[in-house]
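Fold and geometry: a report
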Amino acid sequence: MRPGVRLGIDPGDARIGVARCDPSGVIATPLETVARGEGDIARLAALTDEENAVEVVMGLPRSLSGGEGPAAHKTRRFARRLAKRIAPVPVRLVDERLTTVSAESMLRERGRKGADRRAVVDMAAAVVILQHALDAERIRGEAPGEVLVVTKNEENQG
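All residue numbers here refer to positions counted from 1 along the written sequence of the relevant chain. Restriction of local features to residues with pLDDT of at least 70 applies here, the model being predicted, together with a cutoff of 80 or more for giving and counting side-chain atom pairs; totals for whole chains, interfaces and linings are based on all residues. To get the side-chain values, take all heavy atoms of the structure and skip hydrogens and water.

1. Examining the overall build of the chain
Spelled out, the test is: Per the convention used, a helix needs a DSSP run of H or I reaching at least four residues, while a strand needs a run of E reaching at least two, with both numbered from the N terminus. For each residue, the accessible area found with a 1.4 Å probe, counting protein chains only, is set against the maximum for its type, and the residue is called buried under 20%, exposed over 50%, and partly exposed in between. Note on contacts: a residue pair is in contact if any heavy atoms of the two residues lie within 4.5 Å. Here, Shrake-Rupley sampling with a 1.4 Å probe gives the accessible areas, and only protein chains in the shown set may cover a residue.
Of the regular secondary structure elements, the chain holds 5 helices and 6 strands. Mapped from its N terminus to its C terminus, the chain presents α and β elements in the order β-β-β-α-β-α-β-α-α-β-α. Expressed as a percentage of its 158 residues, the buried residues of the chain come to 44%. A sequence separation of at least 24 residues applies to 66% of the contacts in the chain between residues at least 6 apart. When the accessible area of the chain is evaluated, it comes to approximately 8100 Å², of which 52% is carbon and sulfur surface.

Okay, structure coming up:
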């Protein structure tokens, strides 16, 4: 297991859930919900810096068949913008199928209701995304997903 704090990100249309893990990469915990829109990339970059993150793990919404539709393409564009901003910290895209469903179920089981649940579901989904990535790396010995490669020229355009 690679050492270092990682951030997990669940980019939604209205909110972006953010989670972090401990420096040993064992457990993911909720960190913050960032409003989607102006300043969202700047806030995520600030969190990356504040947490001394060695990597950002972002959920990529694939279809149940594993394909990529409009939501995945939108996420890739957002991830590339973030990757340019935080380089050389890598952004890793990981399959996030059903993570919001898992997060909703977990919150429902813990008694969170309606608007209260909606306010934290994005953070909970980010926790699920990051924890799955950490567990997969521990089991397989290699990190899951794909790292976005940002060229030096793109990095400077950030």
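Continuing now.
2. Description of unusual backbone geometry
The residue after Ala87, namely Pro88, is reached through a cis peptide bond having omega 15°. Along the polypeptide, Pro88 turns up in the loop between helix H2 (70-86) and strand S5 (91-95). The backbone phi angle of Asn52 is positive, close to 50°, even though this residue is not glycine. Tracing the sequence through the fold places Asn52 in the loop between helix H1 (40-50) and strand S4 (55-60). Asn52 gets classed as exposed once you look at its relative accessible area, which sits at 59%.

3. Description of the packing of H1 against H2
Using the following cut-off: Fitted lines through C-alpha atoms serve as axes, helices being fitted only where they are in contact, and the angles separating the N-to-C directions of these axes extend from 0 to 180 degrees. Working rule for angles: under 35 degrees goes down as roughly parallel, over 145 as roughly antiparallel, 65 to 115 as roughly perpendicular, anything else as oblique. Handedness of a crossing is defined here by the sense of rotation of the near helix relative to the far one, left-handed for an anticlockwise turn of less than a right angle and right-handed for a clockwise turn. By the convention adopted, Pro, Cys, Tyr, Trp, Phe, Met, Ile, Leu, Val and Ala count as nonpolar, Lys, Arg, Asp and Glu as charged, and the other residues, Gly among them, as polar.
Running from N to C, H1 and H2 cross one another at 50°; their axes reach a closest spacing of 10 Å. For the element pair H1 / H2, the angle class is oblique. Like other packed secondary-structure pairs, H1 and H2 cross with a definite hand, here right-handed. Contacts between H1 and H2 involve Asp40, Ile41, Ala42, Leu44, Ala45 and Thr48 from the former and Phe78, Arg81, Leu82, Arg85 and Ile86 from the latter. Residues of the contact of H1 with H2, tallied by class, amount to 7 nonpolar, 1 polar and 3 charged.

4. A word on the pattern of salt bridges
A side chain of one charge can pair with a side chain of the opposite charge when the charged atoms of the two come close. For clarity, the cut-off: One speaks of a salt bridge when a side-chain nitrogen belonging to Lys or Arg is within 4 Å of a carboxyl oxygen belonging to Asp or Glu.
Scanning all chains against the criterion turns up 13 salt bridges. The partner of Glu137 in a salt bridge is Arg6, with the nearest N and O atoms 3.9 Å apart. Remark: Arg6 occurs in strand S1 (residues 6-11) and Glu137 occurs in helix H4 (residues 114-140); sequence separation between them is 131 residues. Across the pair Asp135 and Arg138 runs a salt bridge whose closest N-O atoms are separated by 2.7 Å. With Asp135 and Arg138 both in helix H4 and 3 residues apart, this pair spans about one turn of that helix. Of the residues examined, Asp135 reaches a relative accessible area of 29% and is grouped as partly exposed. Several salt bridges converge on common partners, so that one network encompasses Arg2, Arg6, Glu55, Arg92 and Glu137.

5. Re the nonpolar core
Across soluble globular proteins, nonpolar side chains show a tendency to be buried alongside one another. For clarity, the threshold we go by: Only buried residues count toward a nonpolar core. Its members are Ala, Val, Leu, Ile, Met, Phe, Trp, Tyr and Cys residues joined through side-chain atoms within 4.5 Å.
Ranked by size, the top nonpolar core spans 24 residues in total, and within it Leu44, Met58, Leu82 and Val91 carry the most contacts. Here the element with the most residues in this core is H2; it accounts for 6 residues. Filtering out sequence-adjacent residues up to four positions away, Val91 remains in contact with Val56, Met58, Ala79, Leu82, Ala83, Ile86, Glu146, Val147 and Leu148.

6. Looking at the environment of Gly66
For Gly66, the location among the structural elements is in the loop between S4 and H2. By relative accessible area, Gly66 is classed as partly exposed at 22%. In the structure, Gly66 is positioned 29 residues away from Asp95 in sequence and 8.6 Å away in space, judged by C-alpha atoms.

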